[in-house]
Amino acid sequence: MPAITMTAQKRVLGDSSSVNRNVAPSPNSVKKRKLDRVPSTAGRFQGSQGSQNGKLLSSQPKSQFEEEVLERFTQDMFGLKQRNSEKDQQWNRPSLDDFDDQGGLCFQQIETEEGHLFGGEPTIRLFGVTETGHSVLLHVTNFLHYLYVAAPVSFKNSDCEGFREYLDTLLAQQYPAVASVQMVPRENLYGFQGNQKSPYLKISVTDPKFIGRLRTAIEEGNANWKGMWQGIGTGGLLTFDNLQYVLRFMVDTKVRTSYLINMSEASKRILPSAKRNVLQMAGMSWVEVPAGKYRILLARDRQSHCQIEARVNYRDLITHPPEGEWVKMAPLRILSFDIECAGRKGIFPEAEHDPVIQIANVVTRYGEPKPFVRNVFCLDTCSSIVNTRIKEYNTEKKMLMAWRDFLEEVDPDVIIGYNIANFDFPYLLNRAEHLDLTAFPYWSRMRTTQSLAKKANISSKQMGNRDTKTTNTNGRLQLDLLQLIQKDYQLRSYTLNSVCAHFLGEQKEDVHHTMITELFNGTPESRRRLAVYCLKDAYLPQRLMDKLMCLVNYTEMARVTGVPFNYLLARGQQVKFLSQLFRKAAEQGLVIPNMKNEATDEQYEGATVIEPVRGYYDVPIVTLDFASLYPSIIQAHNLCYTTLLNQKIIERMGYKKDIHYITTPHGDRFCKANVRKGLLTTILEELLLARKKAKKELAVETDPFKKAVLNGRQLALKISANSVYGLTGATVGKLPCLEIASSTTSYGRQMIEKTKEEVEQRYRVENGYSHDAKVIYGDTDSVMVKFGPSDLAAAMKLGQDASSFVSSKFISPIKLEFEKVYFPYLLINKKRYAGLFWTGTEKYDKMDTKGIETVRRDNCQLVQHVIETVLRKILVDRDVPGAEDYVKDTISDLLQNKIDMSQLVITKALSKNDYVAKQAHVELAERMRKRDAGSAPTLGDRVAYVIVKGAGGARNYERSEDPLFVLEHNVPIDTKYYLDNQLAKPLERIFEPILGEKRAGQLLTGQHTRSITVAASSVGGLMKFTKKTQTCMGCKKPLVGKEESAGALCEDCRPRMGELYQKTLHRVSELEVRFGRLWTQCQRCQGSMHCEVICSSKDCPIFYMRMKAKKDVEDAGNELARFDHDPGIW
Amino acid sequence: MEARLEQALLLKRVVEAIKDLVQDCNFDCNDTGIALQAMDNSHVALVSMLLKAEAFSPYRCDRNIPIGINLTSLTKVLRCAQNDDILTLKAEDSPDTINLTFESSESDRLSEYDIKLMDIDQDHLGIPETEYAATITMPSAEFQRICRDLIALSESVSIEATKEGVKFSCAGDIGNGSVTLRSHTNVEKPELNVEIDLAEPVALTFSLKYLVNFCKASALSGSVKLCLSNEVPLLVEYGLSGSSWLRFYLAPKIGDEE
């Protein structure tokens, strides 16, 4: 994020230039001012002790956050009040007055879970919110869970009852467990079945909890009634349709067409035409129960805190597809909160010892820009904050219980926060347990369900290994912004601070946890300061969520894939695809085998890469892309589970190659679409069609909320379409089919090769073109072509031409698209290139880099920054000498210790404890734990470190050090390491193709590397014994003589005293100004110009700069003072 | 500045002895001679060298010149010199390069090298002269042998000087060992003398890794002087011809720090 560093720096200078005269530049004066203020404040304290703190507010200047954010709320709120029934700062939901229990019940369901009525009857619980903002719990009854098993040959319809009884006794329950056995025609999804359905047994159970045992019994061959299944070997019997009750319900929910009056014409078109009456419920969709079909539960039967609780038979449930009117969102209540704990010095807060002192809450209704509840629950007194309710409690127990009551009253549908899943929730629970607050952990919508934090270990290819905790809040969704951002974005650091800096473009102050206790033990004023900080931490997740549109995008993902919302965060990729597959399969009467999860190491060949012709191209390079390559291959060749053929079936059906089936380059056979259209093809077609439609609607939509929804949808559809291929290749997955996966990639490889051939054959001088075209690189789904002409427009024209020419050689819907031109283009290696990206001829769109150190996280920002600047200079400004000079200057600065420390920090995630090889960040974490167990990084954290100089021959991992420690102790940084191990390679890679090896080498060893500075550390065994001998400022000669030693110059340099004094003085004042500006910048960030800066954010570049500037000022001041003692001064 | 050294060997050995501790350093040249003072990267050891003007013939230096050299580069150039070549160092008043000339004493071979200099901005740190509680003089080969033997067992050695003698002992994972030396005078070969001058008993622990590094200077002098006082760095001094010296200071290990 060098860009951010840059703007931040600019802001420092820009902002402060005008302020500079008002605010004294040295920290001392700020401190003084603060001291001056103290007595007066103290005086006021005494005066106002009786009357609490009301008047104190005026004595404390308002921070920026308060002024700009909080105060504006009421102004906006005024307008809101007129439109809305709910009032500002009013907790409870709108009253039920406007609800007519004789009318229909329509709400957006947000969470679905298994449950029971008081009678023991299994139900599906649908939690939701109506459009008027009432919370609803709907118990859906009578839906039975079931599974399929292939019927034996001799099985007759009349055998069903007998088999049912047999199974019932087998399961041996007190009451009937197996509800029914039906014989139904179904088809196995896996492999082509000759378009014939065969008899399957559908076995339904009365309670979903029996399904597992039933399945095991059947699969292990223990339910072989009358020995009807012959030849059950060791493999057991295959069952079909293994999915959870909730999903099964969502897949199967049907509605009658007569209720579909509300549907727009457009939405009907994308429904499968044959089965229009089957509509399946998706996550976050709207459901409706017509009047009279549901029963409101009596007060004594109620299980939840919801305003409306009712039961309904699943047949009476109507699901509205998220189309037209039903794309809307209910006014969900979103609670964002943050807690503060008073930790002990040096130890991270532990729930057994450290009290929770403040809880800040911000509640927003979805769709409204401003939160309508803002409050802070505080332990002890706290001065008031504008527009925020302060709730003071004298004991922690009272505060916690009041917060719980608040939670119940405000009844949020979504709870968000930053790292709430792993910190705030478990901490509150543990704390309550420690304080014996048995009534505290009831945060869910169910009256009797206690919230518990469970440990979980998620490990997936996408996210690596993570220890997490999950807390149940049944009926309320949780969105932990930290987890979400970690999952969806690759960042250097995931602290709230740096995430905000990245997405919202603003730094926030970071109060170290030891500081919190100090503030808490202070005055109501200092606690107020803490409360503002806490409130800001609660407000930021809300802003992040709005900015990143997480709620909308995830809602759309839930709607598109049809899984409940909370599956998206808690579960992997597969469930989303499976849900879609089950939906489509159910429509076509297909059943999906419950395949044994066998992890195999079988690898198949992936995508191809055309060997790059490395170099720097000063002519336009045209990029031709296959649009959605893998989905289109699957569609074009009708690859699917249902079309997969084997030799036996080909012979049985008498199929002929190329008439009935095709053989893929990988050697697998699939039948053609005229024999059977694949299920995957159908799914993909629908997804792509729906995406096209969403995009089209997006283009004409004007309502920003609907726009957001549509954009979220088209994104979700794209992701879904692209994940289809991935699932067939996941060998540890539920439904792997390597035939599909390897056939897909084999087609991909073939197509890239063919494109290359076609292009190079056609565009030749013989054929009337000005140059011979050459494919210089190709990867997975794109080829880069050098057509030859140096004119951008001509190249684009050729690109257009080539794309339509090559597309015509492939089966529809495979399409080669011409999208962009790189000009100029620097091809470094496979998957490493940079270029200016043009789509029009007037102006380039952006600078595009792949695989170059600008995006990688495992090196320091300096590298990113340098590489980016260099590329910009080379590609945009076409100024190669300028780039060279820039590199030289930077290297020279580096060797002279002039580079800012924040640029040198490397961060790495601490992902597991038992690394075999020693690694820098692991070793450092270990050392930090020894120094201060509390603040040391733990598993999953990103560790920040710099490499310092060590004893000769010390390994890298021994030389890693905490940046803060380095700053404090002035440990010398190993500049050589940064030059040789970080900068050298990427720079060489870039400059070699342009300058040639020799001149590129000079960049790293030239004259500019000969000036170095060695910092004197304050650690190290010898340091306390040494005495610093001053050296002459003019010539660096050690000043040893009695006369000279206190002075600044040696005898020989004395004539230059005037000049050198000027220089030193100038330097001191420059540094003072710099420090002053940094200090004011930090004051601005913390939002108050009159308090000392207490922020110690390790992610903030300004923080390191400020610390360094402070040291520099001190050092330079000392230098200057030497002139006072110089014998030559008089 | 111009300095002529009868034997290139001297400078070769000095540089060889310190190049593992220090990578870049300033040679401060003034009218009394060439001095060098530098710390190793981890700030545990300090090297101090003084080549007095008398060690050269002739020696001329009109004003103070710091000569910043990368020792690795200097070693490379010095390798080109024969041990008994005559070496001449030349530098201007504010130099960019230093010029080295090697003249073969036997043939008329004359080789000349220039090394680009570095501008090293470094704090000048020194150890104040102190009165040491114990001063031990012993053959440098003996000291080298002790260090080499003991490093096989452990990373650190404790040096204990008492009236009886001086005991070097160490304890490691595989066992422990010690070497004791007593005061001893060899009339025929005075360079093998072991002298112990003791004001009060001393016991200190040091890192052997550094001591072994210091021992690379053994070739420079037949005997070595160890000066110890409690809670003060150890001084290891190798005397050079003409009252020049090469000194190493090493911080003692305190407690159980690594």
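Just so it is clear, the model here is predicted, and its values are computed rather than measured.

Enquirer: Before we move on, can you summarise empty space enclosed by the protein with the specific residues and values?
Expert: To find the voids left in a structure, one rolls a probe of water-molecule size over its atoms. All names here are of chain B. Summed over the entire model, instances satisfying the criterion amount to nine cavities of 30 Å³ or more. Approximately 120 Å³ is the volume found for the second largest cavity. Along the walls of the second largest cavity sit M1, L11, F27, C29, I34, L51, I67, I69, L74, L89, I98 and L100, which together make up its complete lining. Of all the secondary structure elements, the ones that give two or more residues to the lining of the second largest cavity are β2 (24-30), β6 (65-70) and β8 (97-103).

Enquirer: Break down the interface of chain B and chain A for me, with residues and values.
Expert: A common way to state how big an interface is: give the accessible area lost once the parts meet. If you look at the interface, chain B gives 36 residues, while chain A gives 33 residues. Counting the surface lost from both chain B and chain A, the interface buries some 2,900 Å², and carbon and sulfur atoms represent 59% of this. It is B:H43, B:N64 and B:H124 that lose the most area in chain B upon contact with chain A, and together they represent 21% of the buried surface on that side. Between chain B and chain A we count zero salt bridges in total.

Enquirer: Describe in detail the nonpolar core, supporting the description with residues and values.
Expert: Core analysis: the biggest nonpolar cluster contains 225 residues, and A:I485 and A:L581 have the highest contact counts within it. Each residue touching A:L581, except ones within four places of it in the same chain, is listed here: A:L189, A:I592, A:Y641, A:L679, A:L680, A:I683 and A:L735. Core analysis: the second largest hydrophobic core is formed by 92 residues, A:F1025, B:F143, B:L150 and B:L181 among them.

Enquirer: Give a detailed account of the UniProt feature "domain: Proliferating cell nuclear antigen PCNA N-terminal" (unreviewed entry) in chain B, specifying residues and quantitative values.
Expert: If you check UniProt for "domain: Proliferating cell nuclear antigen PCNA N-terminal" (unreviewed entry), the listed places come out as residues 1-123 of chain B in our numbering. In residues 1-123 of chain B, helix accounts for 15% and strand for 47%; the two terminal C-alpha atoms are 23 Å from one another.

Enquirer: Would you mind going over unusual backbone geometry in detail, with residue names and values included?
Expert: Of note, the bond from A:F823 into A:P824 is cis; its omega dihedral lies within 30 degrees of zero at -5°. Mapped onto the secondary structure, A:P824 falls in strand β29 (residues 816-829). The peptide bond linking B:S57 to B:P58 adopts the cis configuration, its omega dihedral lying at 0°. Its place among the elements puts B:P58 in the loop between β4 (45-52) and β5 (59-60).

Enquirer: Residues and numbers for the UniProt feature "domain: Proliferating cell nuclear antigen PCNA C-terminal" (unreviewed entry) in chain B, please.
Expert: Mapped onto the present numbering, the UniProt feature "domain: Proliferating cell nuclear antigen PCNA C-terminal" (unreviewed entry) falls at residues 126-253 of chain B. With 15% helix and 41% strand, the stretch residues 126-253 of chain B has end C-alpha atoms that lie 20 Å from each other.

Enquirer: Residue-level account of the sheet that holds strand β15 (residues 389-393) of chain A, with values.
Expert: Residues and elements named next belong to chain A. Strand order in the open sheet formed by six strands is β15-β14-β13-β12-β16-β19, and the pairing between neighbours is mixed. Of all strands in the sheet, those with a lone pairing partner are β15 and β19 (477-480), marking the two edges. Between one strand and the next, the sheet's axes are offset by a mean angle of 20°, whatever the strand orientation. Bridge analysis of strand β16 (residues 414-417) against β19 gives four bridges, and the strand direction is parallel. Across the sheet, the residue bridging to V414 is L477, located in β19.

The rules behind these values
All residue numbers refer to positions counted from 1 along the written sequence of the respective chain. In the order they appear in the text, chains get letters beginning with A and ligands get numbers beginning with 1. Residues qualify for local features only when their pLDDT is at least 70, as the model is predicted, and side-chain atom pairs are given and counted only at 80 or more; totals for whole chains, interfaces and linings, by contrast, use all residues. To obtain the side-chain values, all non-hydrogen atoms of the structure were included, while hydrogens and water were left out. Only protein atoms enter the 1 Å grid, on which a cavity is a set of points fitting a 1.4 Å probe that cannot get out and a pocket is an open set with protein on both sides within 12 Å along at least 5 of 7 lines, lining residues being those with an atom within 4 Å of a point. Grid points are joined across faces, edges and corners, and a volume is the space filled by probe spheres set on the points. Secondary structure follows DSSP: runs of H or I at least 4 residues long count as helices, runs of E at least 2 residues long count as strands, and numbering of each begins at the N terminus. Two residues qualify as a contact provided that any one of their heavy atoms is within 4.5 Å of a heavy atom in the partner residue. The term buried area refers to how much accessible surface (probe radius 1.4 Å) is lost by two components on association, counted for both of them together. In what follows, salt bridge is the name for a side-chain nitrogen of Lys or Arg lying within 4 Å of a carboxyl oxygen of Asp or Glu. Here, nonpolar core refers to any group of buried Ala, Val, Leu, Ile, Met, Phe, Trp, Tyr and Cys residues whose side-chain atoms link them within 4.5 Å. Here's how the labels work: a residue is buried when its accessible area is under 20% of the maximum for its type, exposed when over 50%, partly exposed in between, all with a 1.4 Å probe on protein chains only. UniProt positions are given in the numbering used here, feature names are shortened, and annotations may be inferred rather than shown by experiment. Strands qualify as paired when DSSP identifies two bridges or more between them. Axes, fitted as lines to C-alpha atoms, cover a helix only where it is in contact. Angles between the N-to-C directions of the axes lie from 0 to 180 degrees.

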